[in-house]
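# Structural description and commentary
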Amino acid sequence: MRPARPALPEWVRRLPEYLMIWVPLLLSAAHLVSFSLWTIWISFTPSTLIPVTGWVGLRNYSAVAASRNWQIAFDNLLLFGSAFVVLSAATGLILAILLDQRIRGENVLRSIFLYPLAVSFVVTGTVWSWLLNPGLGIQKLVHDLGWTSFRFDWLIDRDMAIWTIVIAAIWQSSGFAMALFLAGLRSVDADIIKAAQIDGAGPVRIYRRIILPSLWPITITVVVIQLQFAISTFDLVRALTNGGPGIATQLPALVVYDLMFQRSLLGRGAAAAVLMLLILLAVLLPYAAWRYAQRRRAAYA
Amino acid sequence: MRERSFTPSRILIYLAVSLIAVAWLAPLAVVVLNSLRTNEEIAQGSMIGWPQHLAWANYAAAWSGFCVAETCAGIRPYMLNSALVTIPATIFSTLLGAIAGYAISLWRFRGDTWIYGIVTLGLFLPQQMRLLPWTIVLRDIGLINTLAGLVLIHTIQGLSFTTLFCRNYYVAIPHELIRAARIDGAGFFRIFWRIILPLSGPILIVTVIWQFTHIWNEFLYGVTFTTGQQQPVTAALIALSAAVADIPQHGVQSAAVIIAALPTLLIYLLGGKYFVRGLTAGAVK
C-alpha cells in the first residue's frame, strides 16, 4: 500500500503542470499580440532614433508611401510576387506530373528537386549571384567558349535584375509546390481514372478533365503560401543583389530593415512594417474566408 | 505493363526530368567544383569549370584561416555560434511545443482555443513587425548581441510551429487512452511521459528537422541582434562576401558556402521523408 500523501490543495499540486502549459503559451501569444500592437503604435509616433510618445497621425505612412524607395519596392513586389508565384506553381505542377508517370528513380529525382529548400537563402542567393554575374558566371563561360556576342547580364541591368531574383526563387522553392501537387495527384480516385480509361479517354483528356480540376484546392494553398513567402523575401535579395543595382531590386522587407536599422527612422520603419502586414492580410484574409466557406460546405455535405 | 515500355513519349518524359534535374543540381555542382579550384584558376576563367588540381587548401582556409574584418579565424567560430543557437532552441521549442500541443489537444483547459489561435498567428505575422520590440526587450534583459538572446527568440517564435505540428498529431490519439490512465490516477505529466511521448516519435522527428533547418538558415534576426563575433554563420557569410569583394577569393568563399550549408543538407539527406512531411504539414493544416 502507498503511504498517504500530505493533503495539498488541488491548485498547488497542479502548479507545475499549469506553469509548463501556460508560461510558454502565454509568452508566445503575448509577445505576438503586444509586439504587433507596439509596432503599430510606434508607426503613429514621431520616433526616430529612439521610441518616443506623441502622435503624428498618418505622416509616417505618407512619407513611406511617397518615397522612391518604397514605390520601387512595391512595384517590384507586384512584379516579383506575381511572376514568381505563377512560374513556380507551373514549374512545380509540371515536375509533379512528370514524376507521376511511374518513372524509375522517382525518389532520387524528388530529392534533387527539393534539396534547395533545405539550404539557407543566404547560401543560394550567394551562389546565384556568382552564376548570374556576367564577369564570372554563365555569360563568362559562354564567352570563353567562343560565342563572344552572348549577353546574359540581367544581374547588373536595372530593368532585368528583378528577374534574377525570380529565377533564383523559382529554383529554390518550386520543389515545395511539386511536393504538394504530387500529394494531390496521388490522392485522385483511381477508380474514376480507370472508368475514364475504359470509356476510351486518353491521358491528356484524363488530366484535363479529371485530374487537374481536382487540384484546385492545392493550387490555391500553394499560391497563398508562395505569395506569403514573396512578401517577406529578405535574405535571398540581400545575398543576391542587396537591392541593387542602385535600388532596382528593392523589396518591402529590405526597405523596413533600411529604415529601422540603417537610417534609424523607427516611426517610418514601423509604418513600412505595418504596410507589409496589410499587404499580407490582403492575401491571407480572402484565403481564410475561402477556407472557412469550404469547411462549412464540407460540414453540410 | 503498357506504361513500362519505351514509347517515344516515355523517352521524352525521361529526357525532360533528366534535363531539369541537371539544371537543379548545376548550382551545387558549380560551388563544389569551385571550392576545389584556386583563386587564380577562377580569375583566369569563369566560376564554371573543372578544377585543374584539387585545392583542398580552400577548405582549411574557409574553416579556420580567412579574415572577416580584423579577425582571421575562418568560418569556425560562426559555425559554433549557429550550433550553440540552433541545438538548444530546437530542443526547447520542440519540448515546449509537445507539452503545449498535448495540453491543447488532449487535456483541454479554459481559453485553449483562443491561446492556440493566437500562437498559430505567429506563422503568418511578418518578422518585421517584431524586430523593434525584440531589440528593446533583448536590450532591457541584457541579451542583445548574445547567443542566448537568439536562443530565446527562436524558442518563443518556434512555439507557433511546434505547437501546431504536435497538436495536429495528438488530436488523432484516442481520448479513451487518456481517460483510462486518469482513472488509474495518472496525472498530467505521468500521462505525458508514459503514454504520449512514446507515441510521439514520428512527429518529434518532423518537428526537430523543421526547427533545425529553420533556425540554422535564419538570417534576419541574426544580422539584426548580433554583430561581429556573436553572429551566426548565415550573417557571417554575408559579411565575408562584403569583406572579400576587393580581392576576390571565390575558391575559399565556395568552400565556406559548402561548410555553412552542410548541416542542413545532411539533415535533409538523412531525414528527407520527414522534411517533406513537415513542409506539407505546415502547408495543409
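A few points on the structure. If you're wondering where the values come from, they're calculated on a predicted model, not measured in any experiment. (Residues numbered from 1 in each chain as written. Chains lettered and ligands numbered in written order. Predicted model: local features only at pLDDT ≥ 70, side-chain atom pairs only at ≥ 80, totals over all residues. Heavy atoms only, no water.)

## Section: the overall build of chain B
Basically, it comes down to this: Secondary structure elements follow DSSP: runs of H or I no shorter than four residues count as helices, runs of E no shorter than two count as strands, and numbering proceeds from the N terminus. All radius of gyration figures rest on C-alpha atoms, and the globule criterion is 2.2 Å times the number of residues raised to 0.38. Exposure categories follow from relative accessible area, calculated using a 1.4 Å probe and restricted to protein chains: below 20% of the type maximum is buried, above 50% is exposed, and the middle band is partly exposed. Note on contacts: a residue pair qualifies if any of its non-hydrogen atoms lie within 4.5 Å across the two residues.
Counting secondary structure elements, chain B contains 13 helices and 0 strands. Compactness check: chain B gives a C-alpha radius of gyration of 24 Å against a globular reference of 19 Å for 285 residues, more than 25% above the reference. Overall size of chain B, expressed as C-alpha extent along the three principal axes, is 75 × 70 × 30 Å. Evaluated residue by residue, chain B yields a buried proportion of 53% over its 285 residues. The contacts of chain B with a sequence gap of at least 6 include a subset with a gap of at least 24, amounting to 70%.

## A few points about the interface of chain A and chain B
Using the following cut-off: Accessible area that two parts lose when put together, evaluated with a 1.4 Å probe and summed over both, is termed the buried area. Just to be clear on terms, a salt bridge is a Lys or Arg side-chain nitrogen sitting within 4 Å of an Asp or Glu carboxyl oxygen. In the analysis that follows, any N or O atom pair within 3.5 Å is treated as a polar contact, provided that within protein one partner can donate a hydrogen and the other can accept it, and provided that, for residues neighboring in sequence, both atoms belong to side chains. Throughout, the ten residues Ala, Val, Leu, Ile, Met, Phe, Trp, Tyr, Cys and Pro are labelled nonpolar, Asp, Glu, Lys and Arg are labelled charged, and all others, Gly among them, are labelled polar.
Each partner contributes to the interface: chain A provides 81 residues, whereas chain B provides 79 residues. Contact with chain B buries area across many residues of chain A, yet A:L25, A:F35 and A:W130 alone supply 9% of it, more than any other trio. Run the count over chain A and chain B and you get 0 salt bridges. Applying the counting criterion to the chain A and chain B interface returns 16 residue pairs in polar contact (both at pLDDT 80 or more). Looking at which element gives the most residues to the side of chain A that touches chain B, the answer is helix α2 (residues 15-42) of chain A, with 20 residues. Across the side of chain A that touches chain B, the residue classes tally to 58 nonpolar, 13 polar and 10 charged.

## Looking at unusual backbone geometry
The omega angle of the peptide bond from A:G244 to A:P245 is 0°, so this bond is cis rather than trans. With respect to the helices, strands and loops of the structure, A:P245 is situated in the loop between α12 (235-240) and α13 (252-262). Positive phi outside glycine occurs at A:S264, with the angle close to 50°. If you trace the backbone, A:S264 turns up in the loop between α13 and α14 (266-300). Here B:N145, not a glycine, exhibits a phi torsion of approximately 60°, which is positive.

## Some remarks on the nonpolar core
Applicable threshold: Residue types Ala, Val, Leu, Ile, Met, Phe, Trp, Tyr and Cys, when buried and joined through side-chain atoms within 4.5 Å, form a set referred to as a nonpolar core.
In terms of nonpolar packing, the biggest core is built from 180 residues, with A:F80, A:F113, B:I75, B:Y102, B:I191, B:I196 and B:L237 touching the most fellow members. If you tally residues by element for this core, the top one is helix α8 (residues 161-186) of chain A, at 15 residues.

## A word on the packing of aromatic side chains
Inclusion rule: Side-chain rings of Phe, Tyr and Trp (the six-membered ring for Trp) are treated as a pair once their centres are within 6.5 Å; stacked means planes under 30 degrees apart, edge-to-face means over 60, and tilted covers the remaining angles.
Counted under the stated rule, the structure contains 30 aromatic pairs over all chains. Their ring planes at 40° and their centres at 5.4 Å tell us that A:F44 and A:Y61 sit as a pair that is tilted. Of this pair, A:F44 sits in the loop between α2 and α3 (59-66) while A:Y61 sits in helix α3, placing them 17 residues apart in sequence. The burial state of A:F44 is the same as that of A:Y61; both residues are buried. Seen from their ring centres, B:Y169 and B:Y170 are 5.9 Å apart, and the 70° between their planes marks the pair as edge-to-face.

## Some details on the side chain of B:R37
Residues and elements named next belong to chain B. Mapping R37 onto the fold places it in the loop between α1 (8-34) and α2 (39-44). By relative accessible area, which is 5% here, R37 ends up buried. Engagement of the side chain of R37 in a polar contact is seen with the side chain of N34, the distance being 2.9 Å. Apart from the residues within four sequence positions on either side, R37 is in contact with I42, S46, M47, I48, G49, W50, P51, A55, N58 and G251.

## Some thoughts on the packing of helix α4 (residues 68-99) of chain A against α13(A)
Residue and element names in this part refer to chain A. What counts here: For helices, the fitted axis covers only the stretch in contact; all axes are lines through C-alpha atoms, and the angles between them, taken along N-to-C directions, range from 0 to 180 degrees. In these notes the angle categories are as follows: under 35 degrees is roughly parallel, over 145 is roughly antiparallel, 65 to 115 is roughly perpendicular, and the rest is oblique.
Look at α4 against α13: their axes get within 8 Å of each other, and the N-to-C directions meet at 155°. In terms of orientation, α4 and α13 fall into the roughly antiparallel class. Contacts between α4 and α13 involve N69, W70, A73 and L77 from the first element and P252, V255 and D258 from the second.

## Regarding the pattern of salt bridges
Tallying each qualifying case throughout the model produces 7 salt bridges over all chains. Among the salt bridges present, the one from A:K140 reaches A:D144, with a minimum N-O distance of 3.3 Å. Placement of both A:K140 and A:D144 in helix α7 (residues 138-144) is noted, with a separation of 4 residues, approximately one turn of the helix. For B:E41, the salt bridge goes to B:R37, with nearest N and O atoms at 3.7 Å. Assigned by exposure class, B:E41 and B:R37 land together as buried. Through salt bridges that share partners, A:D100, A:E106, A:R110 and A:R186 make up one connected network.

## Examining helix α6 (residues 121-132) of chain A
Residues and elements named next belong to chain A. So the rule is basically this: The span expected for a helix works out to 1.5 Å for each residue beyond the first.
In this model α6 runs 16 Å from its N-terminal to its C-terminal C-alpha over 12 residues, within 8% of the 16 Å that 1.5 Å per residue would give. Those residues of α6 lying buried are V122, V123, T124, G125, T126, V127, W128, S129, W130, L131 and L132. The distance from a side-chain oxygen at the start of α6 to the backbone nitrogen of V122 is 2.9 Å, and the residue carrying that oxygen is S120.

## Examining the side chain of A:D153
Residues and elements named next belong to chain A. Within the secondary structure, D153 is located in the loop between α7 and α8. Since its relative accessible area comes to 15%, D153 is described here as buried. For D153, the contacting residues outside a window of four places in its chain are P134 and Q139.

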